[in-house]
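# Descriptive structure summary
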Amino acid sequence: MPWRSGTASRLGAMTRTASGIGLATTSDLDDGAVLDVWFPSPVLGTPDEEAEQATRALLEPLATEDVARAVRRTVVTTTVDLDAAPSDAADTYLRLHLLSHRLVTPNSVSLDGVFGALANVVWTSAGPCSPTRFEETRARLLARDGSLTVHGVDKFPRMTDYVLPAGVRIADASRVRLGAHLASGTTVMHEGFVNYNAGSLGTAMIEGRVSQGVVIGDGTDIGGGASIMGTLSGGGTEVVTIGRRTLLGANAGTGISLGDDCVVEAGLYLTAGTKVTLAGGAATAASGDDDGPRVVAARELSGASGLLFRRNSRTGAVEALARATGSVELNDALHAQ
């Protein structure tokens, strides 16, 4: 995990605190509720004095009042304990920035209670607005600007409005939330989606949905319409990981972790309870012994490497076979910058 230079890292020590100087937007319609905070240069540990002065010089001219949006923007300084739950909106926004700046990896900092810490916001072409009396706000903005686009109403904004990580391609910015972690070389196609506290750890192709908490390894392809089960709803508790050089086929899905060099065929959805017949050396690949074909719950194969999951076209049974061919390979031309 990359740790950015700061006081602690210069001393060669790992730190579990982070800090940032940000521009906070507060609502005059909601007793000063924080709508968003932009941290252009967050750090682990504490920033040096020169970096702090540069960030303040960048932000202070932006600290103004916007009467049409009924908001005020102020410069704030935030320091957080990464192992403690977020305490407020500024604390939460700093953690989301750390993830999207690739200073921390998904599931490495506490995000307990983030939904309660964030306000519901109307995200517009003029900036974040409060939902309170929004039609009045819309009228003022139309009178001032002549047009207005509402991008959405949500607690989480688009990542690219706050962070633009180097070395990535994102076809539709509305489908990547702030707090996504996209490693250099990652491509998110038009139908791809990456939630906060989720993303890639290396070069990857994402054409499906990467849910909260899910990480995918280097060289992995999440096919068009594919889905990886998360833990935000539905009662699931296992955080799914996808290994390196793995292919989740188009319109496929998984509720179990996949190891390295795996393939799930197009259209096949694996849940933890899916009955899977081990065949073609899969028992050896999964557990190190092979006593012939047997049926197991898919959860018993969670995290195993070198497996092909498919549905038998004659019997309809879900099967797992040891892969007889080489690794999944991405198209290098698609990931060239």
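Residues numbered from 1 in each chain as written. Predicted model: local features only at pLDDT ≥ 70, side-chain atom pairs only at ≥ 80, totals over all residues. Heavy atoms only, no water.

## Looking at the overall build of the protein
When helices and strands are counted, the protein shows 7 helices and 27 strands. Expressed as a percentage of its 337 residues, the buried residues of the protein come to 47%. By sequence separation, contacts in the protein at least 24 residues apart represent 51% of the contacts at least 6 residues apart. Accessible surface for the protein amounts to roughly 14,700 Å². Of this, 50% is attributable to carbon and sulfur atoms. (Helix = DSSP H or I, 4+ residues; strand = E, 2+ residues; numbered from the N terminus. Buried < 20%, exposed > 50% of the residue type's maximum accessible area, 1.4 Å probe, protein only. Contact = heavy atoms within 4.5 Å. Areas by Shrake-Rupley, 256 points an atom, 1.4 Å probe, with all protein chains shown as cover.)

## Regarding the sheet that holds strand β7 (residues 127–129)
A sheet is described by the order of its strands in space; here 3 strands give the open sequence β7-β6-β8, paired in antiparallel fashion. Unpaired on one side and paired on the other, β7 and β8 (150–154) mark the two borders of the sheet. Recorded for the sheet is a direction-independent mean angle of 25° between the axes of neighbouring strands. Both strand β6 (residues 121–124) and β7 contribute to a ladder of 3 bridges, which runs antiparallel. Within β7, the residue paired with V122 across the bridge is C129. Each of β6, β7 and β8 touches helix α5 (residues 134–145); the most contacted strand, β7, lies at about 145° to it. (Pairing = 2+ DSSP bridges. Axes fitted to C-alpha atoms, helices over the stretch in contact; angles between N-to-C directions.)

## A look at the UniProt feature "binding site: succinyl-CoA" (unreviewed entry) in the protein
Per the UniProt record, the feature "binding site: succinyl-CoA" (unreviewed entry) sits at R209, G224, S227, A250, E265, A266, G273, R310, R311, N312 and S313. Along the chain, R209 turns up in strand β15 (residues 209–210). In contact with R209, other than residues within four places in its own chain, are F193, A226, S227 and I228. Along the chain, R311 falls in strand β26 (residues 307–311). Using a relative accessible area of 42% as the deciding quantity, one classes R311 as partly exposed. Sequence-distant contacts of R311, defined by excluding residues within four places in its chain, comprise E265, L268, G316, A317 and V318. (UniProt positions renumbered as here; feature names shortened; annotations may be inferred.)

## Regarding the UniProt feature "binding site: Mg(2+)" (unreviewed entry) in the protein
What UniProt calls "binding site: Mg(2+)" (unreviewed entry) maps, in this numbering, to E191. Among the structural elements, E191 can be located in the loop between β11 (187–188) and β12 (193–194). E191 sits in the exposed class, given a relative accessible area of 56%. Residues in contact with E191, not counting those within four places in the same chain, are R175, E207 and G208.

## Let's talk about the packing of aromatic side chains
In total, this model carries 4 aromatic pairs according to the counting rule given. Both rings, one in Y93 and one in Y162, keep their centres 6.2 Å apart while their planes meet at 45°; by these two values the pair is tilted. In this pair, Y93 is assigned in helix α3 (residues 89–100) and Y162 in the loop between β8 and β9 (169–170), connecting sequence segments 69 residues apart. Of the two residues, Y93 and Y162, both sit in the buried class. (Phe/Tyr/Trp six-rings, centres within 6.5 Å; stacked < 30°, edge-to-face > 60°.)

## Structural notes on the confidence of the model for the protein
The predicted model of the protein has a mean per-residue pLDDT of 90, with 86% of residues at 70 or higher. Taken as a whole, residues 1–13 scores under 50 in pLDDT and shows 26 contacts with residues more than four places along the chain or in a different chain. (pLDDT = per-residue confidence, 0-100.)

## Points about the pattern of salt bridges
Going through the model one piece at a time under the given rule, you end up with 15 salt bridges. R72 is paired through a salt bridge with D28; the nearest N and O atoms lie 2.9 Å apart. Within this pair, whereas R72 is found in strand β5 (residues 71–81), its partner D28 is found in the loop between β1 (17–27) and β2 (34–38), the two being separated by 44 residues in sequence. Classification of D28 as partly exposed rests on a relative accessible area of 38%. Because the salt bridges share partners, they merge into one network encompassing D66, R69, R144 and D145. (Salt bridge = Lys/Arg side-chain N within 4 Å of Asp/Glu carboxyl O.)

## Describing the side chain of T137
With respect to the element layout, T137 can be found in helix α5. Not counting residues up to four positions away in its chain, the partners in contact with T137 are L29, A68, R69, C129 and T132.

## Description of the sheet that holds strand β21 (residues 253–254)
Pairing in this open sheet of 5 strands is parallel, and the strands run β12-β15-β18-β21-β23 from one edge to the other. What marks the edges here is a single partner per strand, and that holds for β12 and β23 (269–270).

## What about the nonpolar core?
Membership of the largest hydrophobic core comes to 64 residues, with the highest contact counts inside it found for V194, I228 and F309. The biggest single contributor to this core is α3, with 6 residues. Both domains that furnish three or more residues to this core are identified here as domain 1 (17–154) and domain 2 (159–326). Setting aside residues no more than four positions away along its own chain, V194 makes contact with R175, V176, R177, A180, L182, V188, G199, I206 and V210. (Core = buried A, V, L, I, M, F, W, Y, C linked by side-chain atoms within 4.5 Å. Domains from an automatic or database assignment.)

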